[in-house]
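Each chain, written out:
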Amino acid sequence: MEYISTRGQVAPLGFIDAILMGLADDGGLLVPMAVPQVDAATLQAWGKLTYAELALEIFTLYIGDEIPKDELQRLVEDSYGTFRDADVTPVRRINNGLYVLELFHGPTFAFKDIALQFLGNLYAYVSKQTNSIIHILGATSGDTGASAIEGVRGKEGIRICILHPSGKVSKVQELQMTTVDDANVLNLAVDGTFDDCQRIIKELFADVAFKHKYHLRAINSINIARILAQTVYYFYAYLQLAQQGQSERMNFSVPTGNFGDIFAGYLAKRMGLPIGKLILATNENNILERFVNEGVYQPGEFRGTHSPSMDIQVASNFERYLYYLYGEDPVEVSRLMGQFTTEGSIVIPSDRIGQVQADFAAYGVKNDECLDTIGDYFAKYDYLLDPHTACGVAASDRLTEEGEVTVALSTAHPAKFDESIRLRGIEQTYPEQIGALFGKPQHQKQVGGSNAAIKAELERFF
Ligand SMILES: *Cc1c(COP(=O)(O)O)cnc(C)c1O
């Protein structure tokens, strides 16, 4: 399988080179040259596979023989062997119409572990194969940082620097990142929002001389490996429910910020997974909801919410969807992204909005509605949703009808967002791994939000 850029100016690359490139050198995002197709017979044959076996099958479609099968199998087993649940991503029944796909059983209690445990092991493999140091640079709205750090801490041949918006991540998220004391980890607390952090990273990666000097590598969801790893659980959830005799077409409801997780669902659908509605749930930072419902992609005012990992105005994976929406035409994508840079918005012609609305249903959840959903589901079903998951569940409640079956993706364990959950008077006990973080010494450096300040820190660290 080869990978090409959404903007068409990068010669086709193999899988490993695509992972290493992260953001495409022409400013676009890498996508597979052709989306592999999974037919009904294959899908049925996959029904009895474990999570790791299924992941191996799906990755093989995208990697071919670039990584020898036994090596790839070892990478997959190492990545998912760290999960606390034997099913890796178990599905829980809430009621006849709603299931929750728990994606938070990895080391940092958020769904990011599913992709980043794998990517961390992949980077360690590449470092060893090429005998070179890998410098990872990433920005986080909270969960990616902890998860990426956990994926590579102490690993030989890898250094990692993570930017987070100072004071704008939850306490547990901050502790998970900053209590790591391995020498290959640097945490920078940046004055600014997550969008500022993400923009700085994007600009540093676009500075090709700087990127090449340090062999900078990405862990943000612009990295195609993350998207691929996330397609697996859509298949796995579908297969688990199919095994249980569920024959309705399943909707998936996905709390999204950077369009990463929902794009993985879109890709699974393009691969042939028979998904019903793909529900795009946002919080009050609702650029994606407005895009689906009105056809205008334009950042609004930043809002702090109970689901900070979705407090995002510019969704970095959105360009991948545009690419498919415009029939895989890199000229059109370049034009639209150019327009976004110069005019600050993209407007989709009305004849194309129909396609967008066939691909997604969207709903933006208000802060109170998010908390009410947590309170209601706790009272009614004795199931505690984290605020991100609650956005997906609230959107599903809005956008589905009696008789439909929806799988709501649960992207974090509620213990990560206790500050918000307490607002509804709910007390929870922390899992012991989270409780143990409090009181540990923290390691982070406060920095201003300019590219120059960040560059100076990186030059010192790398
Ligand atoms: C990152 C994250 C999201 C959003 O994922 P995207 O890939 O940005 O769509 C949702 N919930 C949680 C808990 C997250 O950490």
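Above this note sits the structure.
Residues numbered from 1 in each chain as written. Predicted model: local features only at pLDDT ≥ 70, side-chain atom pairs only at ≥ 80, totals over all residues. Heavy atoms only, no water.

A.B. asks: So what exactly am I meant to see when it comes to the overall build of the protein here?
C.D. replies: Secondary structure summary: the protein contains 20 helices and 15 strands in total. Relative to the compact-globule value of 23 Å for 462 residues, the protein shows a C-alpha radius of gyration of 21 Å, a close match. Based on the C-alpha atoms only, the size of the protein along its principal axes is roughly 55 × 50 × 50 Å. Evaluated residue by residue, the protein yields a buried proportion of 62% over its 462 residues. A sequence separation of at least 24 residues applies to 75% of the contacts in the protein between residues at least 6 apart. About 17000 Å² of surface is accessible on the protein, with carbon and sulfur atoms providing 47% of the total. (Helix = DSSP H or I, 4+ residues; strand = E, 2+ residues; numbered from the N terminus. Rg over C-alpha atoms; globule rule 2.2 N^0.38 Å. Buried < 20%, exposed > 50% of the residue type's maximum accessible area, 1.4 Å probe, protein only. Contact = heavy atoms within 4.5 Å. Areas by Shrake-Rupley, 256 points an atom, 1.4 Å probe, with all protein chains shown as cover.)

A.B. asks: Help me understand helix α4 (residues 69-80), please; the structure alone is not making it clear to me.
C.D. replies: Since the α-helix advances by 3.6 residues per turn, residues separated by three or four positions end up pointing in the same direction. Between the first and last C-alpha of α4 there are 16 Å, a value that for 12 residues agrees with the 16 Å anticipated at 1.5 Å per step. Turning to α4, its buried residues number three or more, namely Leu-72, Leu-75, Val-76, Ser-79 and Tyr-80. Viewed along the axis of α4, the buried residues span an arc of 115°, placing them on a single side of the element. Contact partners of the buried residues in α4: α3 (51-63), α5 (112-130) and α10 (224-243). (Expected span 1.5 Å × (residues − 1). Arc of directions from axis to C-beta.)

A.B. asks: Whenever I open this one, helix α6 (residues 143-152) confuses me. Can you help?
C.D. replies: The element α6 is largely enclosed, with a buried count of 9 among its 10 residues. Within the span of α6, buried status applies to Asp-143, Thr-144, Gly-145, Ala-146, Ser-147, Ala-148, Ile-149, Gly-151 and Val-152. Contacts from the buried residues of α6 go to α5, β5 (134-139), β6 (158-165), α7 (171-178), β7 (185-190) and α10. Immediately beyond the C-terminal end of α6, within one or two residues, lies Gly-154, with a positive phi of roughly 70°.

A.B. asks: Help me out: how do you make sense of the pairing of strand β9 (residues 250-255) in this one?
C.D. replies: Regular strands have side chains that alternate between both faces of the sheet. Of all the 6 residues making up β9, 6 are buried; the element is thus mostly covered by neighbouring parts of the structure. Burial along β9 is two-sided: Met-250, Phe-252 and Val-254 facing one way and Asn-251, Ser-253 and Pro-255 facing the other are all buried. Relative to strand β10 (residues 275-282), β9 runs parallel, the two sharing 5 bridges. Bridge pairing in β10 links Val-254 to Leu-280. (Pairing = 2+ DSSP bridges.)

A.B. asks: Please clarify how the sheet that holds strand β14 (residues 405-410) should be interpreted in this entry.
C.D. replies: Read from one edge to the other, the open sheet built from 6 strands follows the order β3-β4-β14-β9-β10-β13, with strand pairing classed as mixed. Looking along the sheet, the strands with just one partner apiece sit at the ends: β3 (91-95) and β13 (361-364). Across the sheet, the mean angle separating the axes of adjacent strands is 25° when strand polarity is ignored. Strand direction decides the pairing type here: β9 and β14, joined by 4 bridges, are parallel. Considered in β14, the bridge of Phe-252 is made with Val-407. Across the sheet, α10 is in contact with β3, β4 (98-102), β9, β10 and β14; its angle to β9 comes to roughly 140°. (Axes fitted to C-alpha atoms, helices over the stretch in contact; angles between N-to-C directions.)

A.B. asks: Quick question: what am I supposed to make of the site of the ligand here?
C.D. replies: Taken together, 15 residues are adjacent to the ligand, and Lys-112, Asp-143, Thr-256, Asn-258 and Thr-411 come closest. At a separation of 3.2 Å, an oxygen atom of the ligand approaches a polar backbone atom of Gly-257. Contact distances for the ligand include 2.7 Å between an oxygen atom and a backbone N or O atom of Asn-258. When isolated, the ligand has an accessible area of 380 Å², and the protein chains bury 98% of it. (Near = heavy atom within 4 Å. Polar contact = N/O pair within 3.5 Å; in protein donor to acceptor, adjacent residues only side chain to side chain.)

A.B. asks: Help me out: how do you make sense of the packing of aromatic side chains in this one?
C.D. replies: Two descriptors summarise a pair of aromatic rings, namely the distance from one centre to the other and the angle between the planes of the rings. Taken as a whole, this structure holds 27 aromatic pairs when the rule is applied. The interplanar angle of 45° and the centroid separation of 5.8 Å between the aromatic rings of Tyr-214 and Phe-462 together place this pair among those described as tilted. Linking Tyr-214 in the loop between α9 (208-213) and β8 (216-218) with Phe-462 in the segment after α20 (451-461), this pair joins segments that are 248 residues apart in sequence. Summarising the burial analysis for this pair, Tyr-214 and Phe-462 share the class buried. An angle of 40° between the planes, with centres 5.8 Å apart, marks the rings of Phe-263 and Tyr-266 as tilted. (Phe/Tyr/Trp six-rings, centres within 6.5 Å; stacked < 30°, edge-to-face > 60°.)

A.B. asks: Hey, could you run me through the packing of helix α12 (residues 287-294) against helix α15 (residues 350-359) in this one?
C.D. replies: The axes of two packed helices give the description: the angle between them and the distance between them. Where α12 contacts α15, the axes come no closer than 8 Å and their chain directions differ by 120°. With respect to their mutual orientation, α12 and α15 come out oblique. Packed against α12, whose contacting residues are Phe-291, Val-292, Asn-293 and Glu-294, the element α15 presents Ile-353, Val-356 and Gln-357 at the interface. Here the contact of α12 with α15 is composed, by residue class, of 4 nonpolar, 2 polar and 1 charged. (Parallel < 35°, antiparallel > 145°, perpendicular 65-115°, else oblique. Nonpolar A, V, L, I, M, F, W, Y, C, P; charged D, E, K, R; others polar.)

A.B. asks: Would you mind showing me how to read the side chain of Ser-141 here?
C.D. replies: For Ser-141, the position within the fold is in the loop between β5 and α6. For Ser-141, a relative accessible area of 6% gives the class buried. Side-chain polar atoms of Ser-141 contact the backbone oxygen of Ser-309, separated by 3.4 Å. The residues contacting Ser-141, other than those within four sequence positions of it, are Val-169, Gln-173, Phe-194, Pro-308 and Ser-309.

A.B. asks: Would you take a moment to explain the nonpolar core for this structure?
C.D. replies: One recurring pattern in soluble globular proteins: nonpolar side chains tend to sit buried together. Counting 116 residues, the largest nonpolar core has Tyr-80 and Tyr-234 as the members making the most contacts within it. When residues in this core are grouped by element, the largest group, 14 residues, is from α10. Each residue touching Tyr-234, except ones within four places of it in the same chain, is listed here: Phe-252, Val-254, Asp-261, Ile-262, Ala-264, Gly-265, Ala-268, Leu-273, Ile-275, Leu-278 and Leu-409. Residues Leu-29, Leu-163, Val-190 and Phe-194 belong to the second largest nonpolar core, which totals 26 residues. (Core = buried A, V, L, I, M, F, W, Y, C linked by side-chain atoms within 4.5 Å.)

A.B. asks: I keep staring at the state of the cysteines and nothing clicks. Help me out?
C.D. replies: Disulfides are covalent bonds that link the sulfur atoms of two cysteine residues. Overall, the coordinates contain 0 disulfides when judged by the stated rule. In this structure Cys-391 is a free cysteine whose sulfur lies 4.3 Å from that of Cys-370, the closest cysteine sulfur available. Judged by relative accessible area, which is 0%, Cys-391 ranks as buried. (Disulfide = S-S within 2.5 Å.)

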